[in-house]
Each structure stands twice: as C-alpha cells, then as structure tokens.
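Commentary on secondary and tertiary structure
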Amino acid sequence: MHMPQFGLGTFRLQGQQAIDSVRDGLALGYRHIDTAQIYGNEAEVGLALADARVARGEVFVTTKIWTENLGADRLASSLEESLRKLRLEQVDLTLIHWPSPGEAVPVAESMQALLAARDAGLTRAIGISNFPIALMREAIAAVGAHNIATNQVELHPYLQNRRLAAFAHAAGIHVTAYMPLAYGKVMLDPVIGAIAARLGATPAQVSLAWLMAKGYAVIPSSTRRANLESNLRAPSLVLEREDIAAIDTLDRGERLVSPEFAPEWD
C-alpha cells in the first residue's frame, strides 16, 4: 500500500481526544494515520484502529522514532514498544522524528538501524523528518535515496521550503507537509480567503489543495469531526494556475516549529 497523499495527523492530541479524532477520521474515510513516540498517544491511536471497522491493509500507519531512541542499540526495541502500543505487527512507515541533537548519534547509525528494523519486518518503509538538505545528503549516503520514502517537514503557505523540496524531488524523495495550516493562520489570510470564497471552499481546503497540487502529502489534524470532514474535501478541490501562483507569493520563511535541539535549517 502506497502512502495516501492525504492523512490525519495526531500531534498534540491526548487521551480520549486522540481516540475520538482517529475514530472519527477512519469513519469519515481517512486511510492514513500519523503518530509518533513523543506524542504520547500511540496507545490511543492503537485503540481507535482496533475499534475501527476498517481492514488493517486499508489503513496506512506512520510513527516516528524519538531522539532518545536513535542509537543502534535502542531503535528496534523502541519500535517494538510502539507496535505493542499501536496493537500492530508492523507499521507502514517509520521516520526518524528529528536528527540527533548535537549529532550525538550519527545519521548513518540511526538510518542503518532503521533499515535493519525494516528488514526485520517491523516496518514496511522508512524515512526521515525535519532533515535539512545537509542531513538529507547524509541519510542518502547511509541507505540510498531509494530506501527513504519521505522527508516530513513543516510546510505551509508561509514557509514553502523551496530549496529543500527541490532537493528532495531531484533525489526522488517524497515530501510530507506537516503543520499545513500554519496553526490555523491560513484561515485569516485575505489572499487564501478570497480564493476560498470564489470557489465556495474553506481557507483550510484551499491551503491543503495548494500543497497537494505541489505533489506533497499532507497530514492536517483536528479535534472536531466537522473540520475533519471538511478537510477531507480538499483532495477534490481543483485550483486554477493563478490561484496557485497567488499562494506562492505568501512565502515569508515563517517557521513555527523550531525547538532548541533543531538542526541548522536551510
């Protein structure tokens, strides 16, 4: 199963909220669920998946290895723990969530350990997240670009990450956009709002459609069923070339996620 271009993110969703969001999402038709060890909700996602009347082979599940588990001696066992929480024998995609802070664990070590976990059957595919171009080069050198399914990075109208996206595209590595609605800031944007009004769509749908028109996968999240349902209409929204160009002008390098341990961005 290929990664669906449109998915459901679970960042910041906790407890019953996480269960309800994933349960509602699956009921509405989402078939790509994205979680992570550090989100602290893998068990809740697993419960929702187990309760869903959806065959395992129809749902694409992604999780991410936290920085404390990037060493070759810890990565596989941490993924096995994730699988126990998720109630799965195998995830579809496992990502290195963030490059090792201060390069304490070399990229090559964690990527090779992740590849070994794939070979052991713990995950169907592997990839990276929050990797700038310099570290993407290291990951490619370690395991080959053909073994890197995606680089999941912050990407929205205000942070378009063009150099990184172009490098990934040239290397044959797919890009997944997280924070695609810029913490809701796109809802207030007059340019996006005008396009949405003309198309009879919501600003969120327009922003998501713009990202998908670029070929990116998107993983918006929401705690409200109505928003989950509304966002799911984005893949069928067709933007004019002029609309895409107008949103292209909104880039201002506004990064919303940059913890103190973040790598040096492009």
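Above this text you will find the structure in question.
Since we're looking at a predicted model, the values are computed, not measured.

**Comments concerning the pattern of salt bridges**
For the coordinates displayed, the defined rule picks out 11 salt bridges. Measuring nitrogen to oxygen at the nearest pair gives 2.5 Å for the salt bridge that ties Lys 64 to Asp 34. Here Lys 64 is found in strand S3 (residues 60-65), whereas its partner Asp 34 is found in strand S2 (residues 32-34), with 30 residues between them in sequence. Here Lys 64 and Asp 34 have matching classes, each one buried.

**Considerations on the side chain of Thr 62**
Looking at where Thr 62 falls in the secondary structure, it is placed in strand S3. For Thr 62, a relative accessible area of 1% translates into the label buried. Excluding residues within four positions of it along the chain, Thr 62 makes contact with His 32, Ile 33, Asp 34, Thr 35, Leu 93 and Leu 95.

**Examining the pairing of strand S4 (residues 91-96)**
Within S4, six of the six residues are buried, leaving the element largely enclosed by the surrounding structure. By the bridge criterion, four bridges tie S3 to S4 in an arrangement that is parallel. In the strand pairing of S4, Thr 63 is matched with Thr 94. As paired elements, S4 and strand S5 (residues 123-129) share five bridges and run parallel to each other. Its bridge partner lying in S5, Ile 96 is registered against Ile 128. Since S4 and S5 lie parallel, the crossover through helix H4 (residues 107-119) that links them has a hand, and here it is right-handed.

**Thoughts on the environment of Trp 210**
Of note, Trp 210 is situated in helix H8 (residues 203-213). Relative accessible area serves as the criterion here: at 1%, Trp 210 is assigned to the buried category. It is 32 Å that separates the C-alpha atoms of Trp 210 and Leu 114, two residues lying 96 residues apart in sequence. Beyond its immediate sequence surroundings of up to four residues, Trp 210 is in contact with His 156, Pro 157, Gln 160, Leu 239, Ile 244, Ile 247 and Asp 248. Engagement of the side chain of Trp 210 in a polar contact is seen with the side chain of Asp 248, the distance being 3.0 Å.

**Structural notes on the packing of aromatic side chains**
The full count for this structure, using the stated rule, is five aromatic pairs. Both rings, one in Trp 66 and one in Phe 261, keep their centres 5.7 Å apart while their planes meet at 85 degrees; by these two values the pair is edge-to-face. Taken together, the positions of Trp 66 in the loop between S3 and helix H3 (75-86) and Phe 261 in the segment after helix H10 (241-248) put the pair 195 residues apart, joining distant regions of the chain. What makes Phe 261 partly exposed here is its relative accessible area of 27%. Where Trp 98 meets Trp 265, the ring centres are 5.9 Å apart and the plane angle is 65 degrees; that geometry is what we call edge-to-face. Placement of the pair is Trp 98 in the loop between S4 and H4 and Trp 265 in the segment after H10, with a sequence separation of 167 residues. Classification of Trp 98 as buried rests on a relative accessible area of 5%. Members of the aromatic cluster, each reached through a chain of ring pairs, are Trp 66, Trp 98, Phe 261 and Trp 265. Positioned over the ring face of Trp 265 is Arg 255, at 4.0 Å from the centre of the ring.

**A look at the nonpolar core**
One finds Met 111 and Val 206 to be the most contacted residues of the largest nonpolar core, which totals 72 residues. Beyond its immediate chain neighbours, meaning those up to four positions away, Met 111 contacts Ile 96, Ile 126, Ile 128, Ala 139, Ala 142, Val 143 and Ile 148. Counting seven residues, the second largest nonpolar core, distinct from the first, contains Trp 98, Tyr 178, Met 179 and Val 257.

**Section: the pairing of S3**
Of all six residues in S3, six are buried, a share of seventy percent or more. In S3, alternate side chains face the same way, and those of Phe 60, Thr 62 and Lys 64 on one face and Val 61, Thr 63 and Ile 65 on the other are all buried. Sheet topology places S2 next to S3; three bridges connect them, and they run parallel. Within S3, the position partnered with His 32 by the bridge is Phe 60. As a crossover connection, the stretch from S2 through helix H2 (residues 42-51) into S3 is right-handed. What joins S3 to S4 is H3, and the crossover it makes is right-handed.

Definitions and limits used
- Residues numbered from 1 in each chain as written.
- Predicted model: local features only at pLDDT ≥ 70, side-chain atom pairs only at ≥ 80, totals over all residues.
- Heavy atoms only, no water.
- Salt bridge = Lys/Arg side-chain N within 4 Å of Asp/Glu carboxyl O.
- Helix = DSSP H or I, 4+ residues; strand = E, 2+ residues; numbered from the N terminus.
- Buried < 20%, exposed > 50% of the residue type's maximum accessible area, 1.4 Å probe, protein only.
- Contact = heavy atoms within 4.5 Å.
- Pairing = 2+ DSSP bridges.
- Right-handed = clockwise from strand over helix to strand, strands pointing away.
- Polar contact = N/O pair within 3.5 Å; in protein donor to acceptor, adjacent residues only side chain to side chain.
- Phe/Tyr/Trp six-rings, centres within 6.5 Å; stacked < 30°, edge-to-face > 60°.
- Lys NZ or Arg CZ within 6 Å of the ring centre and 35° of its normal.
- Core = buried A, V, L, I, M, F, W, Y, C linked by side-chain atoms within 4.5 Å.

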